[in-house]
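Architecture and fold: a report
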Amino acid sequence: MSKGFEQPVMMKIDKIISESDDAKSFMFRHNIDYKPGQFIMVWLPGIDEKPFAVSYSGDDFFGITVLERGKSTKHMHGMGVGEQLGIRGPFGHGFSIPDNIKDGSGNACVIGGGCGMASLSVLIESLQDNNTTILTGATTKTTLLFKNRYKDITIFTDDGSEGTKGYPTNSLEDLHKENSYNIIYTCGPEIMMSKVYEFCKKHNIQCEASLERYMKCGIGICGQCVCDGQMVCKDGPVFDSQALDNMSDFGNYSLLKSGKRVSLKEYGEWRGC
Amino acid sequence: MTTPSLTIDLCGIKLSNPTVLPSGFLGTSKSLLKRVADSGAGAATIKSVSFEAREGHKNPTVIPFEAGLLNAVGYSNPGAEETAREFTNLEDLSIPVIASVIGTEAGDFVRVVDKLSASGFSAIELPLSCPHTPGFGLLAGQGTPESTKEIVSAVRKATKLPIFVKLSPNIPEIGNLAKAAEDAGANAITAVNTLGPGMIINIEARNPVLSYRVGGVSGQALRPIATRCVYDIYEAVKIPIIGTGGISTGRHAIEMIMAGATAIGVGTGIYERGIDIFQKICREIETWMSENNFNSIDEMTGIAHE
Ligand SMILES: Cc1cc2nc3c(=O)[nH]c(=O)nc-3n(C[C@H](O)[C@H](O)[C@H](O)COP(=O)(O)OP(=O)(O)OC[C@H]3O[C@@H](n4cnc5c(N)ncnc54)[C@H](O)[C@@H]3O)c2cc1C
Ligand SMILES: Cc1cc2nc3c(=O)[nH]c(=O)nc-3n(C[C@H](O)[C@H](O)[C@H](O)COP(=O)(O)O)c2cc1C
Ligand code: FES
């Protein structure tokens, strides 16, 4: 398997798109050998290096979509066209598309929450011509990502400011009755993903979820991103139902930067977001 | 032809084969140690643990280059108490587990060793040799015979477990240092830690890539130096050596064993060949031994000196 760029390659920001109240996309005129669901490490010299999904991908360009959260992402939001970021990767295992989805005989559903949509967007593009339901959720209207990027997308907001009020997972039961899904892909808050996983288990549907853990090396050697014996950076970030069955930390625990194992609630609070 | 035996006796600890996971690779959780055991390692070392939790340096912390890795992780670890909580009932694992313990003063090492006493570790490793973390290893002056003696003696009083002292390849008279450790009660020498520090600059960014700017060199670039260190130490001490540095094939492992190693550490090799490198190396050692009429690891240890 290709190891991608092993060291950061400096790339000029070619274009910046404002996606929502707190998310911007940064586009680069470069080709990277990217499979949906993989991630790259983005280096801000002198500041830090952080993992991001590739949210736009073409023959001679790619882009990332960055939610403003802390120091590094705030710095990125202040950057302009022509400035450079260091890119290494892509790393990890991405989503798989089963034959019955490829040949149009089956149905797929994609459920994204918040900036989880960034990890799903290239996958959605490759599923567009097939029978795919796209559900997206956000806290409120102004933080929704990519709502105009796809033909058919069903929107949910926690406060009801756009689309249906509530979580995308609420409508799964009805949608599945109608479409009998073969596979459901998800990325977003882990509580949401774990609900999707449980739903799939109950209805015997294949599930693929893209996990987030604090990352350091990104190449499967330091052990920082561990989730029950799996390295999220190398074995994941996308895991299927069979892998998730053996990951009791999924939906429950994560490691802080020190390696301390804490509940997801505590991990979320430590984020400061 | 009989199948050669890969089992070794490392100061009283029985290993099914000589491969050992060195500290800093995957040793953050019991679940990963289980995976390393399932991948064929003979023993595993946990990520170095200090008394208090440490977040370590900012990213980038590890960067590959043509001949290995450059790292300055900065000893991130959740502290002694959390580590004791994570690594309980280690007897459940099929392989011996070594606790890597760090500190600034001798008393710091003892406090950590005390906290870990009920976990079921098979040995304590003292890396008195990190080249890139202020307050620890070389940057705390731990690379001298005096300091080595003081720390090892203090830990000797605190535990009955075998003590491994991990040395730096930077030390010119490495045999003397190993001897000081042996005299103070160490049961084995782990040689070596990373070399350096070194630096990698991204010329477009005009900036060192590691956030800490400098870091330790591991992997292929380190291997001939590590082999020489093991050779020198073998001449100076009687206690066994865990030869570590740049090993990624069975041939490398045998070379290290011939230099004087009883066991061999495989860290950076995981990046090159995947986590099942332990199995791969064992198979390669076995094949070479059969072809060359060796029956045991012991028969090969140190034969480059004869
Ligand atoms: C595989 C993967 C893909 C991701 N894709 C995207 C994406 O497409 N778009 C996006 O906006 N965000 C994505 N993230 C999250 C992104 O990495 C964080 O938002 C970013 O690191 C925050 O950095 P900061 O300095 O702004 O905030 P900080 O204040 O440093 O951190 C805020 C929170 O971000 C997370 N975080 C910080 N550093 C890391 C790290 N090194 N590794 C993992 N998580 C970290 C933690 O939850 C932390 O509490 C992804 C994370 C992972 C693991
Ligand atoms: C990312 C990384 C982290 C490391 N962390 C530690 C550590 O915490 N404690 C320690 O004693 N050695 C640490 N080391 C050194 C290794 O244990 C080993 O001695 C060194 O890498 C040489 O072996 P190798 O070439 O097989 O990797 C680390 C090395 C690397 C590359
Ligand atoms: S981030 Fe280092 S192993 Fe995944």
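Residues numbered from 1 in each chain as written. Chains lettered and ligands numbered in written order. Predicted model: local features only at pLDDT ≥ 70, side-chain atom pairs only at ≥ 80, totals over all residues. Heavy atoms only, no water.

So, about helix α6 (residues 223–236) of chain B. Residue and element names in this part refer to chain B. With 14 residues, α6 extends 20 Å between its outermost C-alpha atoms, agreeing within 8% with the 20 Å of an ideal straight helix rising 1.5 Å per residue. Restricting attention to buried positions, one finds in α6 the residues R223, A226, T227, C229, V230 and I233. One face of α6 carries all of its buried residues, which in axial projection span an arc of 160°. Across from the buried face of α6, at angles greater than 90 degrees, the exposed residues are P224 and E235. The secondary structure elements touched by the buried residues of α6 are β9 (163–167), α5 (174–183), β10 (188–191), β15 (241–244) and α7 (250–259). (Helix = DSSP H or I, 4+ residues; strand = E, 2+ residues; numbered from the N terminus. Expected span 1.5 Å × (residues − 1). Buried < 20%, exposed > 50% of the residue type's maximum accessible area, 1.4 Å probe, protein only. Arc of directions from axis to C-beta. Contact = heavy atoms within 4.5 Å.)

The next subject is the site of ligand 1. In the region of ligand 1, 23 residues are neighbours, and K50, P51, T65, L67 and T73 of chain A sit closest. Nearby residues around ligand 1 are contributed by chains A and B. One of the backbone N or O atoms of T65 of chain A is found 2.7 Å from a nitrogen atom in ligand 1. Here ligand 1, which alone exposes 850 Å², has 93% of that area covered by the protein. Put simply, the parts of the chain that give the shell around ligand 1 at least two residues each are β4 (48–53), β6 (62–67), α1 (71–77) and α7 (264–271) of chain A. Partitioned by chemical class, the residues of the shell around ligand 1 number 12 nonpolar, five polar and six charged. For the shell around ligand 1, the two domains that each supply at least three residues are domain 1 (5–91) and domain 3 (211–273) of chain A. (Near = heavy atom within 4 Å. Polar contact = N/O pair within 3.5 Å; in protein donor to acceptor, adjacent residues only side chain to side chain. Areas by Shrake-Rupley, 256 points an atom, 1.4 Å probe, with all protein chains shown as cover. Nonpolar A, V, L, I, M, F, W, Y, C, P; charged D, E, K, R; others polar. Domains from an automatic or database assignment.)

Residues and elements named next belong to chain B. Residue placement: K166 occurs in strand β9. Owing to a relative accessible area of 6%, K166 belongs among the buried residues under this scheme. In this structure, the C-alpha to C-alpha distance between K166 and A99, residues 67 residues apart in sequence, is 12 Å. Once you skip the residues sitting within four places of it in the chain, K166 turns out to touch S23, E125, L126, P127, L128, S129, T190, V192 and N193.

Residues and elements named next belong to chain B. Where α6 contacts α7, the two axes come as close as 8 Å, and the packing angle between them is 25°. Relative to α7, the element α6 lies roughly parallel. Only H252, E255, M256 and A259 of α7 make contact with α6, whose side of the interface consists of R223, A226, T227, V230, Y231 and Y234. Looking at the contact of α6 with α7 residue by residue, the classes come out as six nonpolar, two polar and two charged. (Axes fitted to C-alpha atoms, helices over the stretch in contact; angles between N-to-C directions. Parallel < 35°, antiparallel > 145°, perpendicular 65-115°, else oblique.)

Considering every residue of chain B, the mean pLDDT works out to 95; 100% of them sit at 70 or more. The ipTM assigned to the predicted complex is 0.92, against a pTM of 0.95. (pLDDT = per-residue confidence, 0-100.)

Across the contact, 37 residues belong to chain A and 37 residues belong to chain B. A buried area of about 3000 Å², summed over both sides, lies between chain A and chain B, and 56% of it is on carbon and sulfur atoms. It is W43, I221 and S258 of chain A in chain A that bury the most area against chain B; as a group they hold 20% of the surface buried on that side. For the pair chain A and chain B, the number of links is one salt bridge. Of the charged contacts in the structure, one is a salt bridge between D235 of chain A and R35 of chain B, with a shortest N-O distance of 2.8 Å. Scanning the region where chain A abuts chain B turns up 14 residue pairs in polar contact (both at pLDDT 80 or more). Within the residue set of the side of chain A that touches chain B, elements represented by two or more residues are β1 (5–18), β3 (39–44), β4, β7 (84–91) and β15 (230–231) of chain A. When residues in the side of chain A that touches chain B are grouped by element, the largest group, four residues, is from β1 of chain A. Tallied by class, the residues present in the side of chain A that touches chain B amount to 15 nonpolar, 10 polar and 12 charged. (Buried area = accessible area lost by both parts, 1.4 Å probe. Salt bridge = Lys/Arg side-chain N within 4 Å of Asp/Glu carboxyl O.)

Residue and element names in this part refer to chain B. You can see T45 is positioned in strand β4 (residues 43–45). A relative accessible area of 1% places T45 in the buried class. Here T45 is in contact with V20, L21, P22, S23, G27, L33, I98, S100 and E125, once residues within four sequence places are set aside.

So, on to the sheet that holds strand β11 (residues 195–198) of chain B. Residues and elements named next belong to chain B. Taken in spatial order, the four strands make up an open sheet running β5-β6-β14-β11, and their pairing is antiparallel. Strands with a single pairing partner mark the edges of an open sheet, and in this sheet they are β5 (62–65) and β11. Each strand of the sheet is rotated relative to its neighbour by a mean of 30°, with strand direction disregarded. With four bridges connecting them, β5 and strand β6 (residues 68–71) associate as antiparallel partners. If you follow I63 over to β6, its bridge partner there is L70. (Pairing = 2+ DSSP bridges.)

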